[in-house]
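# Structural features, examined
Residues per chain are reported as follows:
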Amino acid sequence: ANPNMKTEALLLWSGNKGVASDLFARVGSFKYETYFHKPCAAKQANIFVQVDGSDNVVDHTWLWHADHDDCSNKWPDSVSAVSCVSGNGLVVYGDRTIVYGLQS
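The following paragraphs examine the structure supplied in this document. Only a predicted model underlies this, so the values are computations on that prediction, with no experimental measurement involved.

## A closer look at the side chain of Gln 50
Here Gln 50 shows up in strand 3 (residues 44-52). By relative accessible area, Gln 50 is classed as buried at 15%. Within the structure, the side chain of Gln 50 is placed 3.0 Å from the side chain of Asp 52, a separation counted as a polar contact. Beyond its immediate chain neighbours, meaning those up to four positions away, Gln 50 contacts Ala 9, Leu 11, Leu 12, Trp 13, Val 91 and Tyr 93.

Rendered as structure tokens:
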């Protein structure tokens, strides 16, 4: 992961007078592989969730940078969760946004 590289928000919500609940986002490294996911690759997110708007409610949100993984010392050239990069969990551009139950 490159700490100087800027990524788009994992979730971008634009609008006014809305409610978002039960949001979950995680950045980390895993050994499993799919067609869109290389094993044990360093991941990063500068912003997990971005809200662009006013008079919104965000409820029960878990924005997590993994503090463990299944890659360390198991694969050639493997990375660990500590080499993954995370920035801000929640960024709000607007007024009167209320947030309940934020774990970030």
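## Details of the sheet that holds strand 1 (residues 11-14)
Spatially, 1-3-5 is the arrangement adopted by the 3 strands of the open sheet, whose pairing is parallel. In the strand order of this sheet, the two ends are held by strand 1 and strand 5 (85-93), each with one partner. Strand-to-strand twist in this sheet, taken as the mean axis angle between neighbours without regard to direction, amounts to 10 degrees. Here strand 1 pairs with strand 3 via 4 bridges, running parallel. Following the sheet pairing, Ser 14 is matched in strand 3 by Asp 52.

## What about the sheet that holds strand 4 (residues 57-65)?
Judged by pairing direction, the sheet is parallel, and its 3 strands sit side by side in the order 2-4-6 without closing on themselves. Single-partner strands in this sheet number two, and they are strand 2 (19-27) and strand 6 (98-103). Each neighbouring strand pair of the sheet contributes to a mean axis angle of 15 degrees, computed without reference to strand direction.

## Observations concerning the nonpolar core
Listed in full, the 11 residues of the largest apolar core are Ala 20, Leu 23, Ala 25, Val 27, Ala 45, Phe 48, Val 49, Val 51, Val 58, Leu 63 and Cys 84. Of all the secondary structure elements, the ones that give two or more residues to this core are strand 2, strand 3 and strand 4.

## Examining the side chain of Asn 46
Mapped onto the fold, Asn 46 is located in strand 3. A distance of 2.4 Å separates a polar side-chain atom of Asn 46 from the backbone nitrogen of Thr 7.

What counts, and where the lines are drawn
- Residues numbered from 1 in each chain as written.
- Predicted model: local features only at pLDDT ≥ 70, side-chain atom pairs only at ≥ 80, totals over all residues.
- Heavy atoms only, no water.
- Helix = DSSP H or I, 4+ residues; strand = E, 2+ residues; numbered from the N terminus.
- Buried < 20%, exposed > 50% of the residue type's maximum accessible area, 1.4 Å probe, protein only.
- Polar contact = N/O pair within 3.5 Å; in protein donor to acceptor, adjacent residues only side chain to side chain.
- Contact = heavy atoms within 4.5 Å.
- Pairing = 2+ DSSP bridges.
- Axes fitted to C-alpha atoms, helices over the stretch in contact; angles between N-to-C directions.
- Core = buried A, V, L, I, M, F, W, Y, C linked by side-chain atoms within 4.5 Å.

In short, geometric facts, not functional conclusions.
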